[in-house]
Amino acid sequence: MYSKIVITNDFETLKKELEAEFGVKNLRFFIYDEFMIENARDVMSEAYIAEISEKLLVIMAKSYRIEAQNALLKIIEEPPRNVQFLITANSKNLLLATIRSRLVLENRLTKTARMSVNLNLKSLSLKEISNFIDECVESERADKLGKNELKELIAAIVLKACEAGYKFSADELGYFYDLVRLADLNSKSHSLLIPLLLTIFEKGYS
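Values in this document were obtained by computation on a predicted structure and should not be read as measured data.

Caption draft 1: How the structure looks around the environment of Glu67. Following the sequence through the fold, Glu67 ends up in helix H3 (residues 66-77). A relative accessible area of 39% means that Glu67 is categorised as partly exposed. Sequence-wise, Glu67 and Tyr32 are 35 residues apart; in three dimensions their C-alpha atoms are separated by 16 Å.

Caption draft 2: Looking closely at the packing of helix H2 (residues 37-47) against H3. Packing of H2 against H3 brings their axes to within 8 Å, and their N-to-C directions diverge by 20°. With respect to each other, H2 and H3 are oriented roughly parallel. Seen from above, H2 lies across H3 with right-handed handedness. Along its contact with H2, which presents Ile37, Ala40, Val43, Met44 and Ala47, the element H3 presents Glu67, Ala68, Ala71, Leu72 and Ile75.

Caption draft 3: Quick peek at the domain arrangement of the protein chain. Segmentation of the protein chain into domains returns domain 1 (4-107) and domain 2 (126-205). On a C-alpha basis, the centres of domain 1 and domain 2 stand 33 Å from each other.

Caption draft 4: Geometry of empty space enclosed by the protein. Per the stated rule, a full pass over the model turns up one cavity of 30 Å³ or more. Considered as a void within the structure, the largest cavity measures approximately 30 Å³ in volume. Residue assignment for the lining of the largest cavity shows that the elements contributing at least two residues are strand E3 (55-64) and H3. Residue composition of the lining of the largest cavity, by class: seven nonpolar, one polar and no charged.

Caption draft 5: Fine view of unusual backbone geometry. The phi dihedral of Asp143 falls on the positive side, at around 60°, and the residue is not glycine. Since its relative accessible area comes to 74%, Asp143 is described here as exposed. Unusually for a residue other than glycine, Asn186 sits at a positive phi of about 70°. By the element assignment, Asn186 lies in the loop between helix H7 (170-184) and helix H8 (189-204).

Caption draft 6: Fine view of the packing of aromatic side chains. All chains considered together, the criterion is met by five aromatic pairs. Aromatic side chains Phe35 and Tyr64 sit 5.5 Å apart centroid to centroid with 50° between the ring planes, which places their arrangement in the tilted category. Of the two residues, Phe35 is situated in strand E2 (residues 27-35) and Tyr64 in strand E3; the sequence distance between them amounts to 29 residues. On the accessibility criterion, Phe35 (0% relative accessible area) is buried. For Tyr64, a relative accessible area of 10% puts it in the buried group. Between the aromatic rings of Tyr166 and Phe168, the centroid separation amounts to 6.2 Å while the plane-to-plane angle is 5°, which identifies the pairing as stacked. Each member of the pair, Tyr166 together with Phe168, is buried. Among the aromatic residues, those joined into a cluster by ring pairs are Tyr166, Phe168, Tyr175 and Phe176.

Caption draft 7: Local environment of a nonpolar patch on the surface. Nonpolar side chains collect at one region of the surface, where Leu126, Ile194 and Leu198 lie side by side and expose about 230 Å² of accessible area between them. With respect to the element layout, Leu198 can be found in helix H8. Judged by its relative accessible area of 31%, Leu198 is partly exposed.

Quick notes on the rules
- Residues numbered from 1 in each chain as written.
- Predicted model: local features only at pLDDT ≥ 70, side-chain atom pairs only at ≥ 80, totals over all residues.
- Heavy atoms only, no water.
- Helix = DSSP H or I, 4+ residues; strand = E, 2+ residues; numbered from the N terminus.
- Buried < 20%, exposed > 50% of the residue type's maximum accessible area, 1.4 Å probe, protein only.
- Axes fitted to C-alpha atoms, helices over the stretch in contact; angles between N-to-C directions.
- Parallel < 35°, antiparallel > 145°, perpendicular 65-115°, else oblique.
- Left-handed = near helix turned anticlockwise from the far one by under 90°.
- Contact = heavy atoms within 4.5 Å.
- Domains from an automatic or database assignment.
- 1 Å grid on protein atoms, 1.4 Å probe; cavity = no way out; pocket = protein on both sides within 12 Å on 5 of 7 lines; lining within 4 Å.
- Points joined across faces, edges and corners; volume = space filled by probe spheres on them.
- Nonpolar A, V, L, I, M, F, W, Y, C, P; charged D, E, K, R; others polar.
- Phe/Tyr/Trp six-rings, centres within 6.5 Å; stacked < 30°, edge-to-face > 60°.
- Patch = residues over 30% accessible without salt bridge, like charges linked within 9 Å, V, L, I, M, F, W, Y side chains within 5 Å.
- Areas by Shrake-Rupley, 256 points an atom, 1.4 Å probe, with all protein chains shown as cover.
- Salt bridge = Lys/Arg side-chain N within 4 Å of Asp/Glu carboxyl O.

Okay, structure coming up:
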């Protein structure tokens, strides 16, 4: 057992594997949508509870606040006796370089084929946008477009636009990232895809 970072998009499978490997008694899970400073304090409090046998503290979060990560630096660098840490994220870029430099990094992300996007972004029209949105709404109603598929679709559209020659500002890219996060919160496809595609459409005429 040793401290490390695991990059994965399948938290649940990893959780089951850890329970099977180490046993429930040797694990403490801290699972959040966003890892904040108060969560870091909870982890540190648990770390300082003395144990006879080794204990693995597993942090799983979709995003990590900078101040929360900074709070963990010292205890990760000098952990209490018999305590190890496992930090899980779906991208190493969510974690500070200072955190990454102190832990072994294991990348378990599975490469998947990029979702196809049936749009001609080089000559995008409002009619084409309307037809595309209608198709997505129908797919959503038929349970063929869940939140994970919607997140992939947004990412695929942005990537295809970049490949088509569109240049986006840092603010625009940040806005696209916010749309992905909203998809993760079960926002409807039309409320995310319409502003995304209109941004690309207007960009083509700017």
